[in-house]
Amino acid sequence: MTTTRKAVLTKRPDGEPVEADFSIEEAELPELQEGEVLLKVEHLSIDAFIRTTLDGPQGLHGTMDVGTPVMALGIGRVVDSRSDDLNQGDAVFGPMGAQTNVIWNASMLRKVEETDVPARTYLGALGMTTGLTAYAGMLVCGKIEEGDTVVVSAAAGAVGSIACQLAKIAGARVIGIAGGPDKCKFLTDVIGCDEAADYKAGDLNARLKALAPDGINVFFDNVGGDVLDAALDNIAKGARVVICGAISQYNDMEHVTGPRLYLRIPERNASMIGFTVDQYAEQFPKMEEDISGWIKEGRINLPEHVIEGGDNFPSAIVTLMSGGHMGKLLVAP
Ligand SMILES: NC(=O)c1ccc[n+]([C@@H]2O[C@H](COP(=O)([O-])OP(=O)(O)OC[C@H]3O[C@@H](n4cnc5c(N)ncnc54)[C@H](OP(=O)(O)O)[C@@H]3O)[C@@H](O)[C@H]2O)c1
């Protein structure tokens, strides 16, 4: 009999999530049935969408029940198999949940190749909620052209770091917005942004005006709220504003603050488009092929912040929401 340790939601967060909203529980897993595999979870993807699933029915990405393991995508290693499709030792991507071991029907999982990149890359640069999201938002919705001035918010996070690099590959001048001098240095020195703007340092609107005097052609927004307004005030004629997410709103989804300056859109003949990555599923193989190529050429890198130990899953959620990481945040249970 195999046991699993899981991070369970015990109380819906009141605003910012805190570790006391979760508990760590141990349970025994049942016997494997035909078609199922037993997985040892190797890495869990700490994604912003997890925060909204902790809320009640108004959750943007669906809701989870109190008393159940927190939803999380991850990479697992097959330790026992009663499926013809997966063998012991295979690495798979799927909805692991915040736990150390899990049983899934093989049809729910995707086997990932580890020849060129470690399996956890399928949560990061090649991950649906990270690299493919950045691709869909920046290259498909943003329609970047060479010479565009592109601004990305939450640029030092997972999606933002890749979005900046994709815009650079497309020939844009890229300005990343992040909180604090260390993150701004990370953006220019590691991610390759041309400039960085620290939204915690004061007047972001004035800073963007100085950095993009001819206006922003594409704004890739992960944050919403005041950051979105500061960017809207600085868009150029014909700009594309891509709404990828709005993390500044996720702790209070009943009182979402919309953009005050949305009239800059008609004034400047601009457009605003939102997207969810799953809408572009048919393009995933092409996106993966392109990103894999750029990884091989050394044109894309995604630093990882790995928190060891499944019992630290609750603190990882707190870290994500408070911006205590750079690049892709993962938990290794
Ligand atoms: N459209 C889609 O299909 C899709 C798919 C996946 C993800 N997303 C969106 O992509 C965005 C990034 O997600 P991620 O998982 O990659 O997370 P992440 O960027 O790695 O981490 C979140 C970052 O947001 C910043 N942040 C948090 N609260 C903030 C606030 N109040 N104001 C400004 N910045 C704040 C923090 O950075 P600082 O230290 O710089 O504040 C933090 O590091 C989220 O909005 C998410 O919903 C969308």
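Residues numbered from 1 in each chain as written. Predicted model: local features only at pLDDT ≥ 70, side-chain atom pairs only at ≥ 80, totals over all residues. Heavy atoms only, no water.

Asks: Would you mind going over the pairing of strand β5 (residues 91–94) with me for this structure?
Replies: For a regular strand, side-chain orientation follows a simple rule: the groups alternate between the two sheet faces. Burial of the side chains of β5 extends over both faces: Ala91 and Phe93 are buried on one face and Val92 and Gly94 on the other. Across four bridges, the pairing between strand β4 (residues 74–81) and β5 is antiparallel. Across the sheet, residue glycine 74 finds its bridge partner in β5, namely glycine 94. Summarising the sheet, β5 and strand β7 (residues 110–111) pair through two bridges and their orientation is antiparallel. When the sheet's bridge partners are listed, valine 92 is paired in β7 with lysine 111. (Buried < 20%, exposed > 50% of the residue type's maximum accessible area, 1.4 Å probe, protein only. Helix = DSSP H or I, 4+ residues; strand = E, 2+ residues; numbered from the N terminus. Pairing = 2+ DSSP bridges.)

Asks: Where do I start with the domain arrangement of the chain in this structure?
Replies: A common way to report how large an interface is uses the accessible area buried once the components associate. Per the domain assignment, the segments making up the chain are domain 1 (3–124 + 302–332) and domain 2 (131–278). One C-alpha centre belongs to domain 1, the other to domain 2, and the line joining them spans 28 Å. Between domain 1 and domain 2, the residue contacts involve 19 residues of the former and 16 residues of the latter. Interface area for domain 1 against domain 2, summed over the two sides, is near 1400 Å², with a carbon-plus-sulfur share of 65%. Scanning the region where domain 1 abuts domain 2 turns up zero salt bridges. Taken together, the connections running from domain 1 to domain 2 amount to six residue pairs in polar contact (both at pLDDT 80 or more). Considering only residue class, the side of domain 1 that touches domain 2 consists of seven nonpolar, eight polar and four charged. (Domains from an automatic or database assignment. Contact = heavy atoms within 4.5 Å. Buried area = accessible area lost by both parts, 1.4 Å probe. Salt bridge = Lys/Arg side-chain N within 4 Å of Asp/Glu carboxyl O. Polar contact = N/O pair within 3.5 Å; in protein donor to acceptor, adjacent residues only side chain to side chain. Nonpolar A, V, L, I, M, F, W, Y, C, P; charged D, E, K, R; others polar.)

Asks: What should I look at first to understand unusual backbone geometry in this one?
Replies: Glycine aside, negative phi is the norm for most residues, and most peptide bonds take the trans geometry. Phi at lysine 143 takes a positive value of approximately 45°, unusual for a residue other than glycine. Not every positive phi belongs to a glycine, and asparagine 269 is a case in point at roughly 45°. Among the structural elements, asparagine 269 can be located in the loop between α7 (264–267) and β13 (271–274). For asparagine 269, a relative accessible area of 61% gives the class exposed.

Asks: Which parts of the structure should I look at to understand the nonpolar core?
Replies: Generally speaking, nonpolar side chains in soluble globular proteins are found buried as a group. Of all hydrophobic cores here, the largest spans 85 residues; its most connected members are Val70, Met138, Val150 and Phe313. Setting aside anything within four residues of it in sequence, one finds valine 150 in contact with Met138, Ile144, Ala167, Ala172, Arg173, Val174, Ile175 and Val218. In this structure, Ala212, Val223, Leu232 and Ile265 belong to the second largest nonpolar core, which totals 22 residues. (Core = buried A, V, L, I, M, F, W, Y, C linked by side-chain atoms within 4.5 Å.)

Asks: Got a minute to help me understand the site of the ligand in this structure?
Replies: In the vicinity of the ligand, 28 residues are found, and the nearest of them are Lys183, Tyr199, Tyr250, Val277 and His325. In this structure, valine 159 approaches the ligand through a main-chain N or O atom, which is 3.0 Å from an oxygen atom. Take tyrosine 199: an N or O atom from its side chain is 2.5 Å from an oxygen atom of the ligand. Residues of the shell around the ligand, tallied by class, amount to 15 nonpolar, eleven polar and two charged. (Near = heavy atom within 4 Å.)

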